[in-house]
Amino acid sequence: MWSEIELAYRFLEGELIGITGSNGKTTTTTLVHHILSTAGYHTVLAGNVGTPLISCVDQMNAETVSVVELSSFQLEWIEKFRPDIGVFLNLTPDHLDRHKTMEAYAAAKARIFEKQTELDAAVLNADDAPTVALAPKKPQTFWFSRKRRILQGACLRGEDVIVAHDGKEEFVMRCAEIPLPGAHNLENVLAAVTAARLAEVDSATIRKAVKSFSGVEHRLELAAEIRGVRYYNDSKATNVDATLKALDAFPGRILVILGGKDKGSDFTVLRKPLREKAILALLIGAAADKIEQQIEGSVAIERAGTVERAVEIASHAARAGDVVLLAPACASFDQFENFEHRGRVFKALVGGLERGSGAT
Ligand code: ADP
């Protein structure tokens, strides 16, 4: 049995950049594609991001660079699939309802490097110990880090993003020029910079492209600012780690909407950031009981039930400077068709508040 990416690989022409990890795949894949497009490459954006790779193969030629988001489900069933550049962003618990153990989940994802040879490049997150442990032997290895200096890959030098090759450093851009919020997005940018540089895009073009990247819908997307309260749609925060990253992206006074369909997650890890950053947790969906038990005592809790009610309560409770954040740490299927549907409902509700407030 093959997954669809294996079949597509048999027909693929040109180069292949594959990107996997627990979180940040879509953002990073879309950003790499945006950088390559800005550089004038003939490039295809496909895979788990939405468009099956197989549907793109007849648009490819020897010059094409395909940028493909890869899920653990897709990587579980490959055989010869071999990216020229394989990127591994991070590894945190997810999909344990399907893979059962972290080992099985990690092993599925690590298959991205399995068929790579000395001619290929592996790009990994040096700050994430579970990812470092998966570093492959055969391909050339490149790293990205926001915490330490890197000899091959991308990292920070003071407030600058730089790329290093054989210890030679090259300025790419200032961190302040990155338009996406949060330290996790800085990691995504560093990963994308490394991959784009390996694909031979020059630093000035990378800088121009990153500066003009508007992010991806439902990923810490600013839905509206109403009377000084900012409403963020992070419906794609379908696991606990993504919610941790979302909470981390703001200084404090967050009213966070949590809940949905549980994927076997441990919500107790939210206790500390909730205590430090949040002023109210609004619980929705099927996982509300479990979440309430696991976060009780760390923050004020309201059992809102639905996202409609949660937005209503939040709009009354929030004052200027606060952040209302939909970052549910759960899948959406108990109350919505998918996370996009959940995000659209949230944005429509916020749009209603905006019209009601007379703000434009
Ligand atoms: P994926 O495709 O892996 O699900 P996305 O780019 O769609 O990743 O982002 C999913 C969620 O994870 C969003 O809530 C987003 O804010 C958060 N996120 C994005 N990048 C990272 C990262 N590098 N580490 C942790 N969380 C991230």
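Residues numbered from 1 in each chain as written. Predicted model: local features only at pLDDT ≥ 70, side-chain atom pairs only at ≥ 80, totals over all residues. Heavy atoms only, no water.

Mapped onto the secondary structure, Ala 287 falls in the loop between strand S13 (278-284) and helix H11 (288-295). Distance in space between the C-alpha atoms of Ala 287 and Ala 331 is 9.7 Å, their sequence separation being 44 residues. Look past the residues within four positions of Ala 287 in its chain and what remains in contact with it is Gly 260, Asp 262 and Cys 330. (Helix = DSSP H or I, 4+ residues; strand = E, 2+ residues; numbered from the N terminus. Contact = heavy atoms within 4.5 Å.)

Okay, the sheet that holds strand S7 (residues 153-157) next. An order of S2-S3-S1-S4-S5-S6-S7-S8-S9 is seen for the nine strands of this open sheet, with the pairing classed as mixed. The two strands at the open ends of the sheet, each matched to only one other strand, are strand S2 (43-47) and strand S9 (168-174). Adjacent strand axes in the sheet meet at a mean angle of 25° when their direction is disregarded. Two elements, strand S1 (residues 15-20) and strand S4 (residues 85-88), share four bridges in a ladder whose sense is parallel. Along S4, the bridge assignment pairs Thr 20 with Phe 88. Strands strand S8 (160-165) and S9 of the sheet are contacted by helix H8 (residues 203-211), whose axis makes an angle of about 25° with S9. (Pairing = 2+ DSSP bridges. Axes fitted to C-alpha atoms, helices over the stretch in contact; angles between N-to-C directions.)

In this section: the domain arrangement of the protein chain. If you check the domain split of the protein chain, you get domain 1 (4-211) and domain 2 (221-355). Computed over C-alpha atoms only, the centres of domain 1 and domain 2 are separated by 29 Å. Counting residues at the interface gives ten residues for domain 1, matched by seven residues for domain 2. Surface buried jointly by domain 1 and domain 2 totals about 800 Å² across both partners, of which 48% is contributed by carbon and sulfur atoms. At the boundary of domain 1 and domain 2, one finds zero salt bridges. Inspection of the domain 1/domain 2 interface yields two residue pairs in polar contact (both at pLDDT 80 or more). (Domains from an automatic or database assignment. Buried area = accessible area lost by both parts, 1.4 Å probe. Salt bridge = Lys/Arg side-chain N within 4 Å of Asp/Glu carboxyl O. Polar contact = N/O pair within 3.5 Å; in protein donor to acceptor, adjacent residues only side chain to side chain.)

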